[in-house]
Each structure stands twice: as C-alpha cells, then as structure tokens.
Amino acid sequence: MNGHTKTYGVTDPISLAASSDAENKLNNQLIVELKLQNSFESESETRKRVEVLQILQQLAENFVYKVSISKNMSEGMAKDAGGKIFTFGSYRLGVYGPGSDIDTLIVVPKHVSREDFFTVFDQLLRERKELDEIAPVPDAYVPIIKIKFSGISIDCICARLDISRVPSNLTLSDKNLLRNLDDKDLRAVNGTRVTDEILQLVPKPMVFRYALRAIKLWAKKRAVYGNVYGFPGGVAWAMLVARICQLYPNVCAAVIVDKFFYILTQWNWPQPVYLKPIEDGPLQVRVWNPRLYAQDRQHKMPVITPAYPSMCATHNITASTKKIITNELIRGSKIMNDISNGVKTWKDLFVKHDFFHKYKIYLAVVAVTRGNDEQHLKWSGWIESRVRLFVGKLENHKGIAMAHPFVQDFQQSFLVQDDNTHPEKLLKRNIDPLISMLGSKEVNDLIASNPTIYTEITEDNKNNPNIKSILKKINEDNNDASNNSDNDENGNIATNINGNSLESNENNLIQNDSLNISVVHGNTLENGDKTDNLIDHQLDINKKYAQLHSTTLYVGLEINLNSNNNNAGNSANGNSPGERKLDIRALCQDFYLVCRSLQEYDETTYDISIKSIKLYNLPDFVYDLAKGEKRPLKGNKNKKRKNDKNSKKPKKIKNTLKGKN
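Residues numbered from 1 in each chain as written. Predicted model: local features only at pLDDT ≥ 70, side-chain atom pairs only at ≥ 80, totals over all residues. Heavy atoms only, no water.

What counts is decided by this rule: UniProt positions are given in the numbering used here, feature names are shortened, and annotations may be inferred rather than shown by experiment.
As annotated in an unreviewed UniProt entry, the protein chain is Poly(A) polymerase from Ascoidea rubescens DSM 1968. In UniProt, the protein chain has this text filed under Function (unreviewed entry): "Polymerase that creates the 3'-poly(A) tail of mRNA's."

Here it is as structure tokens:
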C-alpha cells in the first residue's frame, strides 16, 4: 500500500491508490487553469490581509481593555483581560482569492457584553481612517458588524466565553469552553471550531485546498454558491470536498474533483454527509438528529458539521435549489468524463451559468433606501436574508414548477433632483417613477430622457466634485425629504397592499407576451472625462437632491399552469374558474409584512418592491456585455402564432408585485 493507512471519516476509504501519471498531468493543467481564472491573489494582497488582521487584533485588545476599565477593573487586570481574533471560512481554510472577504471572530472574557461589541468596538472601528464602510446588524441570527477596512470586506462577530481572561495562546478546541454560552455565542464560536476540525480531518491539506478552490470556482460560476439563497455555502462545499478526500486519501486534486462529481451524483439524499461520528458533549444543547427532531428530517441534502454540537450546514436548501444543484452536479460529472478523455478542458467546467437566459419570467425583489450607505447595507441585508423564505413559498404555489433564486445581488445608487414644481411633495414626484422601474432595462430610458433629474453614481463618477459636494450636503441634512413627505401619498400600489385597490386593479393582470414593467439601469458612460463633463453639465449643486440606494435580487420562475393545477388551485390562488393566470398577491403581501418587521423599519426611509419581468426586459447589468455575453433576442412570436393554429393564448399573470410595500 502507498501513502496513508489511517482511516479518515466514518467509513474506510474507497481506494488507497495513488494518482497515475495521466492524472498528475491533469492536476497540473487544473492548477494552470485556476491561475488563469484568477483564483489566487498576489503576495502583496495577502500581506495586506495579514496587516489588517494585526490591526484588528490590536483593536480587539483595546476594546476589552476599555470595557474592563469601565467596569472598575485595575489597569493591570484590564490589560491582562486580553481578547483575541480568530479567523474562519475561506481565509482560515487557505482558499481565499482576490476580493474574498475575511470571516473573523472576536473572543472576549465574560465581563464584556454583546452590547459592548456594538457600542465600544463599533466606535473604535469608526475612529480608524482605514474604515471604508460599516454596517452593524445586532439582530442577525449571528450578530455581526460588516465592514470594509483598507478595501477588504470583513465580517466581524463576537463571542463571550465564561472565563475571566482571554490569553493570546487560547484555542477553541476544548468543548468545556462552550459551557454557559447563550445560543448566539455558541453559533459564533462554532464557525471557527468547524473550520479547524475540517483541516484536521483531511489526509492531505494541500490537495484538499486545490480541490476546494476548483469546486468553489465551479459553484460560483454555475451560481450554486450561497447559503443565504438556499445553496451550499463555503463551509458546506468544503465539507463535501473533505469527504471525498477521506474516501481517496492518496490522490491529487484533479482526481478529487472528478470523484466529487461522480460520488455526489449518485449520493442517496437525504442520507447525511459526515466527516466524523457525531460527538456527545457537556452541554444541554440540540445536536442534529433526524430521529428525534422532525425539523431535521425535512433537510433535503444534509451536510453535518464535525465540531460539537453538530449542526446541519445545508438546512436552507429547498426543493427547487436541490434540483438545481443536482442538475449542475450531473453536468459537472459529464464534463469531467470528457476532460479525462481529452475531449474537453478544465475551462469547460468553469463556464458561466445561463441563469439570465433560461427563464421566461423573473421576479425582481428590490430593496430601496432613501438614506446613507450604512442604512442601506442594513436594509438590503435584511431583505436578502428573508428572500429564501419567499422562494420557499413560491415553489409551493400550484402554478410554479420551480423558483430559482440568483446568488448575487445588484447594487445601484442614484442622485434624484427636485424639480421645485411641487415643493410640498419634495422629491417624491421624481423618486416614485425611479422606484417603479428599478430591476428592468427601462430605467435607461427614464434616465436618458431626464438627465438633469436622475444621475446614477458609478465607480467612474463617484469622485466627481459636484457629486461629492451634493452627497456632503445630503448627509448634512438627510432628513429634510422624509420629514416633509406626505404620508398619505407615500406611494401608489405598494403602499396599499392591504387595500381594495390592490385587489381590483385590472392593470395588474399582465399578458405574458406583453409584460412591460419598467426597470432602472442608469446612464453609465465609458469615458471618465466625458462622464465628468456631462455630470458637471447635468448637476446643479444649488438644487435639492436625494440619494437613493437600491439592491435588486432576482428569482427565475418556471411556470406550470396546466388545466389540472389551475382548476385545483382556483380558490387557494385567487383565480377565477377557467382563467390561466398566476396570482401570487398573498405571498407578496406576506413577504412585505415579514420585511417590515425589522425593528428599525421606517416607511419614509425604507422601501421594497416586487415585480415580474420578462426575459427580454432584464437590465443590461445582469449580463457581461463587455466580455462578449449577448442579451437574449426577442423573436417574432406574433408571426409564429399566425402560422400555428393550435397555439394557445398567452397566460395571464396577475402581477400585483410592483410598487412599494
């Protein structure tokens, strides 16, 4: 036997054989392709990460010191109280690349509270010149402060251990450190513990890292990466790769990738994936157990974390996302066969997804903020974390065969000018049309026809002196518009989602082939100088402006309104007998209510809209036009129908989605 004889995981290896010369050649080709795909960052970028983490470590110690002094501890005891930064996720696993964020955990002693984290530590961050963005989310499932620091995105979470000091040599491997932690602290600590366990449970960490880089790249390219959207996140994909490494402990990364697709296309879900047997521990906490807990039996593709207490890392997967993941695994398996046979190359495995080409109808969920960046980060993050629940309701609708959430959001920011014709309404006259179009390509037309009213803030023009001057003025007096707005006229359909107008408005019955709900894209220009010249001409710093932020999330719908489903679901779906239309008003209303449950929700600041958009009406920014990606072209369907006597009339979609909440 060659190589490892130690057994990793819950079963014996499938094979102890080493890689062949041909497989090693494929492995070299894989590493070359990963470099071409920009999977690795430069040494200078890595050094910058290390420097940022050193600064955060200093801030963590200063944070604990300040809180300790405020609790009347002596100078010596306060300095000795410690505080330590741990990393987890892709950075800790060693598979980070350009633009990757860093997941950090700040461990503090028992006299430092979570409230201190969101006050004292928050303030320490704000005092640093390196801070670019900050968004505290204290009511998240795992309370978090999201920051951009020296250009690097960092997620900061905090856990308070039941110990009087946190020394610099502390590790989190001892399960007894979990005693007396509340649920949020336990979840915070678990991320680091899981990451550390994964690295200890793979035979060859370097092989694991190369293979995981390939699978992460594949999952992101194919849009099946993101726990919040109902797909496996980074930790779940890492555990799946680690399990394949356990089954083939002596092979190279290329073989691991091949076996990854081979094994998982045949996996008998919901049979769980384990890296080690589930452990008992000292806590009276829930450990994943489908025999005891009905909720655990509902998990579609369970992947179980190895660290105590074991949890399911893939509990967010829905029926729709499971089908999408399975199809992508099958595709990957076929391509791997072709790669092994020399028919295709690694580049073929990493071809971009076709999400914005494959569905006829999409839903755009648009989060809008009339306020600053920090407010919008909080609002859009809240909406993003709730979209999965909305998708779950959609896929259970009788007329929807699949609800496919896209795993990336699209951010835009606008300056909207007041035309001063209706001072009592301030900017509402100009803001409402923009909001109604966000999410589709018609926003281009709106902005192009009103260049002095609407300006999209882009990377090219954000440093324009006029834009910076206007933004400064807005920040100094950002409550003017909301304080003077007329609450009784605060929107059209969206503000009346519980009113009769929503139930009876026939304009909300949209023909499938003539869907023309507007969307906003923006007047992005190619040349920086031309941008500045046009901006200078368009913007009048003496006018009143509002800044509008938007985040758009898309859900592709596979609609199935056959006669049986339609008749069976008339009463439940709000459809009249014989009509072929999709009515999801109740689902949208429920989702609006969920979103408005945010504690800081304010209708003058936050807004949400849901609208249906046809494939050909999607905005340009969802396509990589600069890289040669082509928009879908609209065919002449009327001519086709004229020659097709058996063609049916288009289905009606009851679109009560547009407008505000």
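1. A closer look at the nonpolar core
Our working definition: For this analysis, a nonpolar core means a set of buried residues of the types Ala, Val, Leu, Ile, Met, Phe, Trp, Tyr and Cys, connected via side-chain atoms within 4.5 Å. Under the scheme applied here, a residue whose accessible area is under 20% of the maximum for its type counts as buried, over 50% as exposed, and between as partly exposed, the area being computed with a 1.4 Å probe on protein chains only. What counts as a domain boundary in this text is fixed by an automatic or database domain assignment. Contacts were defined at the residue level, with two residues in contact if any of their heavy atoms lie within 4.5 Å.
With 125 residues, the main nonpolar core has Phe208, Trp218, Phe260, Ile383 and Tyr554 as its most contacted residues. Of the residues that make up this core, three or more belong to each of domain 1 (11-40 + 202-353) and domain 3 (356-478 + 541-561 + 583-627). Phenylalanine 260 has contacts with Ile215, Trp218, Trp237, Leu240, Val241, Ile244 and Leu329, leaving out every residue within four places of it along the chain. Formed by 31 residues, the second largest nonpolar core is a distinct cluster that contains Ile55, Val67, Phe117 and Ile147.

2. Here's the deal with the confidence of the model for the protein chain
Convention followed: Scored from 0 to 100, pLDDT reflects the predictor's confidence in each residue.
Scored by pLDDT, the protein chain has a mean of 83; 81% of the residues are at 70 or more. Counted against residues more than four places away or in other chains, residues 479-537, with its pLDDT under 50, gives 145 contacts. Within the model, pLDDT remains below 50 along residues 563-578, and this stretch shows 24 contacts once partners closer than five positions in the same chain are excluded.

3. Brief notes about the side chain of serine 68
Cut-off, in case you're wondering: Where helices and strands are cited, they refer to DSSP runs of H or I of at least four residues and of E of at least two residues respectively, numbered from the N terminus. Two N or O atoms form a polar contact when they lie within 3.5 Å of each other; inside protein one atom must be a possible hydrogen donor and the other a possible acceptor, and for residues adjacent in sequence the pair counts only when both atoms belong to side chains.
Looking at the secondary structure, you find serine 68 in helix 2 (residues 43-70). Reaching out from serine 68, the side chain makes a polar contact with the backbone oxygen of valine 64 at a distance of 2.6 Å. There is a polar contact of 2.7 Å between the side chain of serine 68 and the side chain of histidine 111. If we skip the residues at most four places from it in the chain, serine 68 touches Met73, Ala78, Ala81 and His111.

4. Here we look at helix 8 (residues 234-247)
Short version of the rule: By this rule the span expected of a helix is its residue count minus one, scaled by 1.5 Å.
For helix 8, spanning 14 residues, the distance from its first C-alpha to its last is 20 Å, which sits close to the expected 20 Å at 1.5 Å a residue. Turning to helix 8, its buried residues number three or more, namely Ala236, Trp237, Ala238, Met239, Leu240, Val241, Ala242, Arg243, Ile244, Cys245, Gln246 and Leu247. On its buried side, helix 8 packs onto helix 4 (89-93), helix 6 (183-200), helix 7 (205-221), helix 9 (253-265) and helix 11 (319-340).

5. Things to note about the packing of aromatic side chains
The relative placement of two aromatic rings is captured by the distance of their centres and the angle of their planes. So the rule is basically this: Geometry of aromatic contacts follows a simple scheme: Phe, Tyr and Trp rings, the Trp one being its six-membered ring, pair when their centres are within 6.5 Å, and the pair is stacked under 30 degrees between planes, edge-to-face over 60, tilted otherwise. Charge over a ring is defined by NZ of Lys or CZ of Arg lying within 6 Å of the ring centre and within 35 degrees of the ring normal.
Enumeration according to the criterion identifies 28 aromatic pairs in this entry. Ring centres 5.9 Å apart and planes at 85° place the aromatic pair tyrosine 359 and tyrosine 362 in the edge-to-face group. Neither tyrosine 359 nor tyrosine 362 differs from the other in exposure class; each is buried. The aromatic ring of tryptophan 382 is capped on one face by arginine 386, whose charged end is 3.8 Å from the ring centroid.

6. Re the sheet that holds strand 5 (residues 152-160)
Where strands meet in a sheet, backbone hydrogen bonds hold them as pairs that are either parallel or antiparallel. Put simply, the rule reads: Strand pairing follows a simple DSSP-based rule, namely that at least 2 bridges must link the two strands. Axis angles are defined between N-to-C directions and span 0 to 180 degrees, where every axis is a line fitted to C-alpha atoms and, for a helix, only to the segment in contact.
Strand order across the open sheet formed by five strands is 1-2-5-4-3, with mixed pairing between neighbours. Looking at the sheet topology across the chains shown, the edges are occupied by strand 1 (84-88) and strand 3 (131-137). Taken over all neighbouring pairs, the strand axes of this sheet differ in orientation by 25° on average, direction set aside. Alignment of strand 3 against strand 4 (residues 144-149), held across six bridges, turns out to be antiparallel. Looking at strand 4, one finds that valine 137 is bridged to isoleucine 144. The sheet strands contacting helix 2 are strand 1, strand 2 (102-108), strand 4 and strand 5, and the helix crosses strand 2 at an angle near 25°. Helix-sheet contacts for helix 6 involve strand 1, strand 2 and strand 5, and the interaxial angle to strand 5 is about 120°.

7. Structural notes on the pairing of strand 5
When you tally the buried positions in strand 5, you get seven out of nine residues, the bulk of the element. Two strands pair when backbone bridges link them, and strand 2 and strand 5 are joined in this way by seven bridges, in the parallel orientation. Looking at the pairing, valine 107 lines up with alanine 159 of strand 5. Where strand 4 meets strand 5, five bridges bridge the pair, whose relative direction is antiparallel. Note on strand 5: the bridge partner recorded for isoleucine 147 is isoleucine 154.

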